[in-house]
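# Report on the structure
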Amino acid sequence: MQHLIRIFLVITFLSIQKTNAQQYNQLEELKDHSVRIYYSAGHEQRAQAIVKRVDRAMEYYQELLDFKPEVTLLVLTETDWGKYTSFPVYGMPHYNDDKTLIVAAEDNAFWKSFIPPLDQLPKDLKNRIEDVYKDSKGNLSMEAFFDLLALHELGHAFHFQAGLNMQRKWMGELFVNILLHSFIAEKEPASLQALTLFPRMVVAGGTKEFTYTSLKDVHERYNEIGKEHPKNYGWYQCRWHTTAGIIYDAAGEEAGKQLWNAFKNQKETLTDEAIPHFLDQSGAKEVADMIRNWDKETIH
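Before going into details, it helps to say that this report is about the structure given with it. (Residues numbered from 1 in each chain as written. Predicted model: local features only at pLDDT ≥ 70, side-chain atom pairs only at ≥ 80, totals over all residues. Heavy atoms only, no water.)

## Some words on the pairing of strand S2 (residues 36–39)
Rules: Only strands that DSSP links by at least two bridges are regarded as paired with each other. Starting at the N terminus, helices and strands are each numbered in turn, a helix being any DSSP run of H or I of at least four residues and a strand any DSSP run of E of at least two.
Note that strand S1 (residues 28–30) and S2 share 3 bridges and pair antiparallel. Residue pairing for S2: Leu30 is matched across the bridge by Ile37. Between S1 and S2, which pair antiparallel in sequence order, lie 5 residues; one of them, Asp32, sits at a positive phi of approximately 65°. Pairing of S2 with strand S3 (residues 72–76) involves 4 bridges; the strand directions are parallel. Its bridge partner being in S3, Arg36 is matched across the sheet by Thr72.

## Structural notes on unusual backbone geometry
Inclusion rule: Partly exposed residues are those whose accessible area sits between 20% and 50% of the maximum for their type, while under 20% is buried and over 50% is exposed, using a 1.4 Å probe and protein chains only.
Not every positive phi belongs to a glycine, and Asp32 is a case in point at roughly 65°. For Asp32, the position within the fold is in the loop between S1 and S2. Under the relative-accessibility criterion, Asp32 is labelled exposed at 78%.

## Thoughts on the pattern of salt bridges
Oppositely charged side chains can form a pair if their charged atoms are brought close together. Stated formally: Whenever Lys or Arg places a side-chain nitrogen within 4 Å of a carboxyl oxygen from Asp or Glu, that contact is recorded as a salt bridge.
In the structure shown here, the tally under the stated rule is 14 salt bridges. Note that Glu224 and Arg221 form a salt bridge whose closest N and O atoms lie 3.2 Å from each other. Glu224 gets classed as partly exposed once you look at its relative accessible area, which sits at 25%. The closest approach of N and O atoms between Arg292 and Asp289, which form a salt bridge, is 3.0 Å. With a gap of 3 residues between them, Arg292 and Asp289 both fall in helix H15 (residues 285–297), about one helical turn apart. Judged by its relative accessible area of 23%, Asp289 falls in the partly exposed class. One network of salt bridges, in which partners are shared, links Asp280, Lys285, Asp289 and Arg292.

Function cannot be read off these values alone, since they describe shape.
Take a look at the structure:
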């Protein structure tokens, strides 16, 4: 009987491997990385650059949280995007499921939509944006920022697959931004400007053009905002990015571990009123303060 079970398991494993290969047979594959990675033909150099960072971040997150998820990473052109995901916004990193992470292989209209009119900015800010976000051809591109979001999305695999109740959808986003900021600050400080300048710029622009600004809004309308109001969703992410930097500066790389441990042990969903007190008691005071001050600090 045990012999038959072993044969069954081997056949099942080989079937899964064959299915994966068939599923991505129109893409190229890179071997021997911390994640399975497939990419659109002609974009090996970009896939190599992304997975190199992902490998280092996976090691860092794993050591910090004592957990390792399974991830398949797809680096796709706009042509291939629609073949592997139904998500309508090309350029928005996301998961198809708890294990399949999808990012863009090319600069795109979504990224470009965040570039501000430079002639309307103060000269010092204009110069900083040009210094940080010019691409190799001398054009402005948000690619340097959005490339880092692969590491943001990698963080989601940890709490997804570990089964943590992050309490609110926005808490999961803040958590992975804390992981991202911690990794960049600790392991790749040369990229800190690319990570922080763009979010500060978006937040400083105010909320006049956005329909939703509260934490309650984004929790209750998370999918709607992400799919139908991508720039509004981008504003939320920028708020969480800037907050993650403040939290890291106050608590260091232990900030992400504090949240992880707190929610790993809190299985039941807390009320809105209970969450700040719970975070205070768990040592995550800076996160509790963010919740209390969110609406006060929203720029209208």
